[in-house]
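Residue-level structure breakdown
Each chain is listed here by its residues.
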Amino acid sequence: MVKNFSMAFRSLFKKGRNNGIKIIALAVGLAMGLVLIAKVCFERSYDNFYPDNDRIYLVKSGINREGKKDTWGQVSGAIAPGMKAEIPEVEAATRYTRIGSDNELIMTPEKQFYTATLLLTDTSFFDVFPRPILIGDPKDVLARPNYVMISRSLAEKMGGVESAVGKTFVRDVNRNSVQTIGGVFEDIPENSHLQYDILGSLAGYSVQSTTNWIGNDRYIAYVKLLPGTTPESLAPSIRRMQERNQDLEGLKKAGVDLFYTISPLQDIHNNNEDVKDMNAMLLFLATILIVIAVLNYILVVISTLIGRTKEVAVHKCYGASGKDILGMILSESLLHLLLALLLGAFLILIFRGKVEDLLSASLSALFTLPTVTLLAGICLVVFGVTCLVPTWLFLRIPVASAFRSVKESKRYWKLCLLFVQFVATAYLVALLITISRQYDKMITSDPGYAYENLIYCNTTGVGVQERERAMAELRRLPQVDQVGCSTELPFYYASGIMFPCRVKTVSCSILPICISFPTIISR
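Residues numbered from 1 in each chain as written. Predicted model: local features only at pLDDT ≥ 70, side-chain atom pairs only at ≥ 80, totals over all residues. Heavy atoms only, no water.

1. Some words on the pattern of salt bridges
Rules: Any Lys or Arg side-chain nitrogen found within 4 Å of a carboxyl oxygen on Asp or Glu counts as a salt bridge. Per the convention used, a helix needs a DSSP run of H or I reaching at least four residues, while a strand needs a run of E reaching at least two, with both numbered from the N terminus.
All told, the structure shown has 18 salt bridges when counted by the stated rule. With a closest N to O distance of 2.6 Å, Glu43 and Lys39 form a salt bridge. A residue pair is termed a helical-turn pair when its members lie 3 or 4 positions apart in one helix, as Glu43 and Lys39 do in helix α2 (residues 19–44) at four residues. One salt bridge connects Glu156 with Arg152, and the closest N-O pair in it is separated by 3.6 Å. On the criterion of helical spacing, the pair formed by Glu156 and Arg152 is a turn pair, its members being four residues apart in helix α6 (residues 152–157).

2. A closer look at the packing of aromatic side chains
Condition: Only Phe, Tyr and Trp rings are paired, with Trp represented by its six-membered ring, and only when their centres lie within 6.5 Å; those with planes under 30 degrees apart are stacked, over 60 edge-to-face, the remainder tilted. Residue exposure (1.4 Å probe, protein chains only): buried if accessible area is under 20% of the type maximum, exposed if over 50%, otherwise partly exposed. Lysine and arginine charges are scored as sitting over a ring when NZ or CZ, respectively, is within 6 Å of the ring centre and within 35 degrees of the ring normal.
Overall, the coordinates contain ten aromatic pairs when judged by the stated rule. Judged by centre distance (5.5 Å) and plane angle (85°), the rings of Phe125 and Tyr196 are edge-to-face. Separated by 71 residues along the polypeptide, Phe125 in helix α4 (residues 125–128) and Tyr196 in the loop between β10 (174–185) and β11 (198–201) bring together distant segments of the chain. For the pair shown, Phe125 and Tyr196 are each scored as buried. Put simply, the rings of Phe49, Tyr50, Tyr96, Phe125, Phe126, Phe129, Phe185, Tyr196 and Tyr222 pair up and form one aromatic cluster. Seen from the ring of Phe259, Lys69 lies directly overhead, with NZ or CZ sitting 5.8 Å from the centre. Against the face of Tyr147 rests Arg144, its NZ or CZ located 3.9 Å from the ring centre.

3. A short note on the side chain of Thr108
Threshold: Throughout, a residue-residue contact means that at least one pair of heavy atoms, one from each residue, lies within 4.5 Å.
Note on placement: Thr108 falls in the loop between β4 (104–107) and β5 (113–116). The class of Thr108 is buried, set by a relative accessible area of 7%. Setting aside anything within four residues of it in sequence, one finds Thr108 in contact with Tyr114, Met158, Thr168 and Phe169.

Here is the structure:
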């Protein structure tokens, strides 16, 4: 084996072997294909890090009106604690509600600014979604008004895990409510449908909101069932809970039947139609890329077959058996694959930022141990194909080829391989052209407002007086035509409200702006 590897290494630099082309083509194809497969594995692994994740369920509200059923993933404040108190099969239950936006601005008394996502929850949150607690008691912290638990990464930004406890901060949108840090938990993995940096206490929230049974369904609730309990067996208990605490007869007279269902935790992300479509497309693209890379390798090997025929025949003249030829080709293929994998890994590291941006996941989250094991299996299959085909070709070379000229055989299977490669390549080219045209249409489409020569600046965290002073200074500049402000950019999310019209009630978006804003973006 050592001798074969030594020969394979020396053959890398021989002319006419096209080893550089084989390795580069294999490296690029494997790098892109394996990264896409890792992305699919990442998407399929959502929420699997929670212990007993198969027993955690999302509680959904539903109504049946005139035979039409509709469900949504939010409930009233009393539903989660009610299920824990009144349904024996429920081991734990929790609920949370969002306040503010994702990555909103928070500020410490020292005028240090950070971005964080804040949830308000109850003391049972970590009973359902356990995380390692670095410092503090969540039961105590989340039972106290205006106390919070923060993540490790946020604590480290604020000076360290231990020193962060006891510090205070305010949200930029509500500077009158001071929050005190009471503990630190381990960061939430990237493959979680629920991302947050701060868990605040519901203890200081409106009692009417947290204890009502009907309406104000702003809470997202989860239950953890006892082992062996099925969602179907829970339905009668849920209905009896409703009968004890809700006016079902009054709702029935109004033509509404209110009900609740539970959905598995892992279905929240994995059963999303967009996610399933994306996974199917990425897996298909990965397969095409790897197949093209393998076909490139085989076709390059075939192109060097005439040049290597006499070499293999001479080996056979000197007594080389089929096993020896197999060892020689095996060593070459393995060396090429290892070099291709090293080059592919190097390319991934070089373009790490772009890869992580495009796939919305870090490399450490993409290449976990289970994923790497799967990718290693795929590489073994690639090795088998890139080894067996050349071996089959070389073993068929007769000894007499060492003493006579050999002409290329125009076999149909070679043309078939070339045809498959052309079809796969044409598909990728057509896909890239389609994506390019879609992107161009999106960029050049009419948004409904004028954006030429517009420049914006995010002033989150800046006081009203400072913002007005900055706008006044900008208006004095001769290069500036107009200055205005709004709470959000036109293409961002704006607050919604149900607006009654004569025909029907419609949902509208409200975007608070200054008086000059319409003229700035007008045509």
